[in-house]
Amino acid sequence: MLTSMAMTRRHGRIATIAATAALTAAIFVLPAKAAEVDPKAVVANYADIALAGYEDSLTTAQALKTAVDALVAKPSQETLDAARAAWKASRIPYQQTEAFRFGNPIVDDWEGRVNAWPLDEGLIDYVDGGYGTESDENTLYTANVIANKSIEINGETVDASKLTPEFLASTLQEAGDIEANVATGYHAIEFLLWGQDLNGTGPGAGNRPYTDYDTANCTGGNCDRRGEYLASASQLLVADLEEMVGNWKADGEARKTLVDADPTEGVSVILTGMGSLSYGELAGERMKLGLLLHDPEEEHDCFSDNTSISHLYDTVGIRNVYRGSYKRVDGSVVEGPSVSDLVKAADPAVDAELSGKLDATVAKMEAIEARAKAGEAYDQQIGEGNTEGNATVQAAIDALVDQTKSIERAVAALKIDAIAFEGSDSLDAPDKVFQ
Amino acid sequence: MRRIISQMRRMGPGSPLHRHAATSPFLLSYEGEETPSPVCFTNHLSPIAWGRGTDADWSSLPTKQRFLSLTQGGRGGEPEGRDDEGVSGFLSKAAALLLAAGIILSLVETPLAQAEETSPNLPAQRTDLTPEDRARVEAITKPATDFSAPEQFELMQGGAGTSKKRVNQDAFSQFSSNLTFEEEGTFKLGNGLFRKLWVSSPSSTQASDGLGPLFNARACQSCHLKDGRGHPPENTADATSMFLRLARAAESEEEKRLVAEHKALNFPDPVYGNQLQDLAVPGLTGEGRMKIAYEEIPVTLGDGTSVSLRKPNYSVTDLGYGPLDPRTTLSPRVTPQMIGLGLVEQIHPADILANADPDDANGDGISGKPSVVRDVPTGELILGRFGWKAQTPSIRQQTADAFAGDIGISTPEVPNHWGDCTDRQTACKAMPIGVQERLGPVEAPDPIMELVSFYSRNLAVPARRDMGKTAVLRGKQMFYEAGCASCHTPKYVTRRDAPNKAQAFQLIWPYSDFLLHDMGEGLADGQPVGVASGSEWRTAPLWGIGLTQRVNGHTFFLHDGRARNLTEAILWHGGEAQAARDKFADMASQDREALVKFLESL
């Protein structure tokens with residue numbers, strides 16, 4: 001449905017290039033008519049890609065929910081493997097939507113519910129003895145809500161007999177103001193499917209047995225409640241993604257906020273999202289910190305060892321929004337006028353530079369993924385003393401930093417860097433800043 | 001200037017970086033440069049450099065050194081066009097020479113020998129502005145007179161860095177919105193370290209050991225929940241966002257001289273030190289537990305409304321190391337919110353001094369005493385502006401003090417590897433520490449400190465809400481008319497020469513004069529801190545106060561969280577604030593409510 005919408009907006013673009021391109025595609029060739037690009041159309045296409053991305057995230061989350069229900073109904077190695085595969089598949093479209101997070105306050109506001117990390121897993125379920133039993137800062141560090149029908153939050157006894165989606169979202173999530181009390185979203189589900197990764201920076205992911213869900217031959221205790229938790233968390237993920245899909249539909253708040261604003265502001269939102277995800281979030285918090293500390297706990301998808309894939313698709317998502325093109329889970333392509341077109345019209349050299357760097361970053365991320373595929377997971381690559389692994393991760397960090405500098409050049413080329421603080425002197429622009 | 005010195009000290013002989021430099025090839029390019037660029041001294045505000053090409057030999061370095069090496073790594077990756085504000089080329093060259101001669105370290109280690117003055121040499125007038133700018137600043141910071149509509153720029157109460165993200169529980173955790181992408185990266189690394197759990201020594205993770213031995217928390221974030229305001233313990237097991245400072249006043253002539261010369265703030269308990277740490281590493285006993293007993297005190301307002309205030313009484317139970325010294329006073333302190341600190345740091349001293357009236361020369365009953373303290377790195381006398389008693393002059397110093405006192409981690413500023421353990425706590429002093437000779441002389445060497453400081457400087461102030469509503473505007477008028485704004489000074493324009501552009505020349509609305517005031521016996525804890533008597537407190541900034549419920553799920557206010565809502569907080573004001581408090585108490589109820597609504601919109 002959406003693809004066809006976008007197709008009509010292509011203005012004769014050669015659509016096949018992005019559709020068939022591999023992740024490390026050669027530099028994207030743009031039509032020469034870039035000067036005619038309408039920023040309003042760029043913003044609309046961006047919103048279309050957001051909608052498609054969240055729709056794909058939703059359908060893959062629904063598939064995850066189905067697989068989780070099958071696991072809970074009939075626990076076996078096969079149903080567990082299928083649920084794990086569904087989880088991994090759901091990460092691919094979702095990570096590509098992260099490029100929408102930082103520019104759009106409505107996404108940033110919502111994001112903590114679905115992708116919060118890192119989490120103190122002892123809140124949710126049993127943990128290994130090496131995890132420790134208490135933490136002064138988190139009284140719920142080993143609350144183990146699956147094993148306990150009543151827990152204490154901020155000195156008050158809380159009924160946890162029913163592990164409903166409502167309970168997880170409203171009571172358990174960030175209980176006691178502790179950010180590490182992550183009770184919902186992809187990473188809570190990941191923990192319930194894989195269990196703790198006890199291998200440190202050595203090989204291997206979490207290894208939860210399927211019998212943790214087998215009420216007849218239960219391992220880990222409370223298999224019924226574990227299944228209840230997992231089903232609720234999966235249901236919640238679906239509901240949260242439904243909400244975000246709604247935000248990007250025709251009258252959705254996220255889309256309206258963007259298209260109703262000055263289109264230049266919309267373009268600024270796109271570039272802000274690209275830069276913030278590239279530098280601070282991905283290169284910084286998710287990669288550099290873990291590399292500095294050589295700490296496997298500083299790994300984004302730490303239970304499943306899926307981090308290399310998650311990071312890779314973050315960078316693909318950044319490239320998508322720049323190119324104005326997104327290859328959907330079903331292989332179809334949503335495409336239209338792009339920021340790249342705008343930058344090309346303003347300064348073709350900057351566009352070529354940024355396009356090249358976005359490709360280069362994806363290639364560096366693919367190198368990390370290649371090592372992971374060959375048996376050295378991301379947490380091993382950041383391990384102390386792993387010179388080659390460390391260098392591979394550092395190369396991707398460098399590439400992200402490098403591409404951000406070009407994003408800044410693109411912002412300058414489009415002369416939108418000052419828009420946030422300019423405007424009329426009157427109170428009609430209450431958000432004006434004294435300068 | 002302070003910044004430059006701190007940067008130089010990092011590289012002085014004996015510092016880990018210096019030793020590292022001697023063996024690290026990638027510093028050669030730096031040392032080989034003919035004239036060190038001023039940029040390398042001033043642009044370290046984003047202390048992690050990210051550039052490529054210089055990190056090649058990282059992985060062969062121990063972790064802490066790798067942290068250190070990062071500050072050197074990215075000169076190629078510095079953001080373009082960064083201003084080199086406020087630092088002359090001369091200073092930088094002089095700094096480079098001093099660095100080369102290796103004498104900076106000794107200067108820093110014995111700052112008091114270099115600066116013996118006992119009264120500060122602070123500017124009476126702003127030195128960072130042209131006459132034209134000064135006139136603009138004076139005009140825009142005039143108190144409001146028209147309450148029919150919001151003032152210009154009022155929405156953005158933290159200037160251009162104001163966060164306009166959606167208001168949610170993370171409202172105090174956003175970075176200043178005018179940071180560069182690179183600075184945003186630095187902020188996020190700082191955030192990572194802010195939430196990092198420190199572990200006890202010895203540990204396999206040598207980059208993050210050194211906890212305690214005595215401590216209040218294992219991570220900054222443990223007390224700074226959601227970067228917001230702490231609260232009194234709600235059950236016996238929970239005291240992490242509030243603790244007791246322990247100290248007594250000067251007694252001997254020598255002690256009085258030390259305080260007069262700003263060389264001591266007060267004197268710690270001989271056994272328990274400067275604060276009560278309720279937790280300890282395995283094998284050691286915590287110092288004790290804070291106990292609070294509340295007594296309800298009824299208060300009747302002008303219109304007959306009755307309010308109950310709870311008066312706390314503090315004591316310590318389960319003392320682990322014998323009795324407290326009988327002269328030791330207990331001063332409870334809740335964790336303050338962290339928004340806008342970097343902006344406060346860049347308020348020009350002349351603007352703070354302009355409101356000072358220590359002898360009440362104008363006879364309005366309000367004095368306002370500047371907190372003069374000695375800057376640890378330089379030995380100079382400067383203005384204290386952070387903390388409940390305004391005892392701390394800079395965010396970096398505040399960070400170092402918190403590392404040492406609260407977590408027990410040594411830093412270049414406060415190299416106490418055993419945290420707040422005293423010599424009388426022999427078991428504590430016998431515990432292992434987190435210093436590794438190969439990694440550096442302290443447990444949290446400089447890039448960690450600077451990252452955490454950078455994070456602390458750049459937490460954005462949220463935009464105002466509802467500022468145009470009738471009740472809010474009415475409340476603002478009541479706030480002014482009651483005299484609240486006499487101490488809760490609404491606005492400032494920060495320094496033009498702020499080292500980081502994000503904080504430079506911003507119109508900000510903290511609602512504080514950052515001066516000390518006698519707040520009366522009701523709030524006094526009898527513990528003097530530097531120039532602040534036992535009943536004097538710094539005017540607390542009010543920005544963000546209305547989001548306390550949203551961010552921290554409570555409305556406990558004042559230094560010890562005794563007030564259960566804003567009305568109670570106002571009613572606790574005494575001393576110099578008694579007249580304003582009485583005006584509030586005598587207001588019609590809808591005006592009181594409006595005033596509270598105004599506060600909630602901040």
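Residues numbered from 1 in each chain as written. Chains lettered and ligands numbered in written order. Predicted model: local features only at pLDDT ≥ 70, side-chain atom pairs only at ≥ 80, totals over all residues.

### Quick word on the overall build of chain B
Secondary structure summary: chain B contains 22 helices and 12 strands in total. Within the span of chain B, comprising 602 residues, buried residues form 56% of the whole. In chain B, once contacts between residues fewer than 6 apart in sequence are set aside, the share between residues at least 24 apart is 72%. (Helix = DSSP H or I, 4+ residues; strand = E, 2+ residues; numbered from the N terminus. Buried ≥ 20, exposed ≤ 12 C-beta atoms within 10 Å, placed from the backbone. Contact = placed C-beta atoms within 7 Å.)

### Regarding the overall build of chain A
Counting secondary structure elements, chain A contains 15 helices and four strands. Across the 435 residues that make up chain A, the buried fraction comes to 58%. A sequence separation of at least 24 residues applies to 72% of the contacts in chain A between residues at least 6 apart.

### Comments concerning the pairing of strand E7 (residues 371–374) of chain B
Across a regular strand the side chains alternate sides, sitting on one face of the sheet and then on the other. Residues and elements named next belong to chain B. Where E7 meets strand E8 (residues 381–384), four bridges bridge the pair, whose relative direction is antiparallel. Following the sheet pairing, Ser371 is matched in E8 by Gly384. The turn linking E7 back onto E8 is made up of six residues, and Gly379 within it adopts a positive phi angle of 80 degrees. (Pairing = 2+ DSSP bridges.)

### Description of the confidence of the model for chain A
All names here are of chain A. Counting all residues, the mean pLDDT for chain A is 86, and 87% of those residues have values of 70 or more. Scored below 50 in pLDDT, residues 1–34 makes 53 contacts in the model with residues more than four places away or belonging to other chains. Overall, residues 418–428 carries pLDDT values under 50, and its contacts beyond four positions in sequence, including any with other chains, amount to 11 contacts. (pLDDT = per-residue confidence, 0-100.)

### Digging into the packing of helix H3 (residues 39–73) of chain A against helix H9 (residues 253–260) of chain A
Residue and element names in this part refer to chain A. Where H3 meets H9, the closest approach of the two axes is 10 Å, and the angle between their N-to-C directions is 170 degrees. By the criterion of interaxial angle, the relationship of H3 to H9 is roughly antiparallel. Contact residues: Val43, Ala44 and Ala47 in H3; Arg255, Leu258 and Val259 in H9. Partitioning the contact of H3 with H9 into residue classes produces five nonpolar, no polar and one charged. (Axes fitted to C-alpha atoms, helices over the stretch in contact; angles between N-to-C directions. Parallel < 35°, antiparallel > 145°, perpendicular 65-115°, else oblique. Nonpolar A, V, L, I, M, F, W, Y, C, P; charged D, E, K, R; others polar.)

### Things to note about the nonpolar core
Formed by 238 residues in total, the largest nonpolar core has its most connected members in Ala188(A), Ile189(A), Ala233(A), Val267(A), Met274(A) and Ala410(A). The element best represented in this core is H3(A), accounting for 17 residues. Non-local contacts of Ala410(A), meaning those with residues more than four positions away in its chain, are made with Leu271(A), Val343(A), Val350(A) and Leu354(A). One finds Phe243(B), Val316(B), Leu324(B) and Leu330(B) within the second-largest nonpolar core, a separate group that totals 13 residues. (Core = buried A, V, L, I, M, F, W, Y, C linked by C-beta atoms within 7 Å.)

### A few points about the environment of Met156(B)
Among the structural elements, Met156(B) can be located in the loop between helix H9 (131–140) and helix H10 (181–195). Along the primary structure Met156(B) and Val137(B) are separated by 19 residues, whereas in three dimensions their C-alpha atoms are 16 Å apart. Met156(B) has contacts with Asp431(A), Val433(A), Thr162(B) and Ala463(B), leaving out every residue within four places of it along the chain.

### What to know about helix H17 (residues 446–457) of chain B
An α-helical turn contains 3.6 residues, so any two residues separated by three or four positions project in the same direction. Residue and element names in this part refer to chain B. Across its 12 residues, H17 extends 16 Å between first and last C-alpha, which sits within 8% of the 16 Å expected from 1.5 Å per residue. Most of H17 is tucked away, with 12 of its 12 residues classed as buried. Taken together, the buried positions of H17 are Asp446, Pro447, Ile448, Met449, Glu450, Leu451, Val452, Ser453, Phe454, Tyr455, Ser456 and Arg457. (Expected span 1.5 Å × (residues − 1).)

### Remarks on the environment of Gly302(B)
Residues and elements named next belong to chain B. Relative to the helices and strands, Gly302 is located in the loop between strand E4 (289–300) and strand E5 (306–317). Taking C-alpha positions, Gly302 is 9.1 Å from Ser589, a pair spaced 287 residues apart along the chain. Beyond its immediate stretch of four places on either side in the chain, Gly302 contacts Ala585 and Asp586.

### Brief notes about unusual backbone geometry
Cis peptide bonds are those with omega within 30 degrees of zero, and the linkage from Trp117(A) to Pro118(A) qualifies with -5 degrees. Following the sequence through the fold, Pro118(A) ends up in the loop between helix H5 (105–115) and strand E1 (150–153). Gly212(B) connects to Pro213(B) through a cis peptide bond whose omega is 10 degrees. Structurally, Pro213(B) is set in the loop between H10 and strand E1 (214–215). Despite not being glycine, Asn144(A) has its phi angle at roughly 45 degrees, a positive value. Note on placement: Asn144(A) falls in the loop between H5 and E1. Overall, Asn144(A) belongs to the partly exposed group, with 18 C-beta atoms counted inside 10 Å. Positive phi outside glycine occurs at Lys415(A), with the angle close to 55 degrees.

### Quick look at the environment of Gln169(B)
Of note, Gln169(B) is situated in the loop between H9 and H10. In the structure, Gln169(B) is positioned 189 residues away from Pro358(B) in sequence and 40 Å away in space, judged by C-alpha atoms. Once you skip the residues sitting within four places of it in the chain, Gln169(B) turns out to touch Glu174(A), Lys226(B), Arg550(B) and Val551(B).

### A short note on the packing of helix H7 (residues 186–194) of chain A against helix H8 (residues 223–248) of chain A
Residues and elements named next belong to chain A. Between H7 and H8, the shortest axis-to-axis distance is 9 Å and the interhelical angle comes to 150 degrees. Classed by the angle they form, the pair H7 and H8 counts as roughly antiparallel. Note that H7 runs across H8; the crossing there is left-handed. Here Tyr186, Ala188, Ile189 and Leu192 of H7 lie close against H8, whose contacting residues are Arg226, Tyr229, Leu230, Ala233, Ser234 and Leu237. In terms of residue class, the contact of H7 with H8 is made up of eight nonpolar, one polar and one charged. (Left-handed = near helix turned anticlockwise from the far one by under 90°.)

### Notes on H3(A)
The terminal C-alpha atoms of H3(A), which comprises 35 residues, lie 51 Å apart, in line with the 51 Å expected from a rise of 1.5 Å per residue. Among the 35 residues of H3(A), 26 are classified as buried, and the element is accordingly described as predominantly covered.

### Side note on the pairing of strand E6 (residues 329–334) of chain B
All names here are of chain B. Most of E6 is tucked away, with five of its six residues classed as buried. For strand E2 (residues 242–247) and E6, the ladder comprises six bridges, and the chain directions are antiparallel. Bridge pairing in E6 places Met242 opposite Val334.

### Focus on the confidence of the model for chain B
Residues and elements named next belong to chain B. Across chain B, pLDDT averages 82, with 78% of residues at or above 70. For the stretch residues 1–115, pLDDT sits under 50, and the model shows 170 contacts to residues farther than four places along the chain or on other chains. For this predicted complex, the interface score ipTM comes out at 0.80, alongside a pTM of 0.82.

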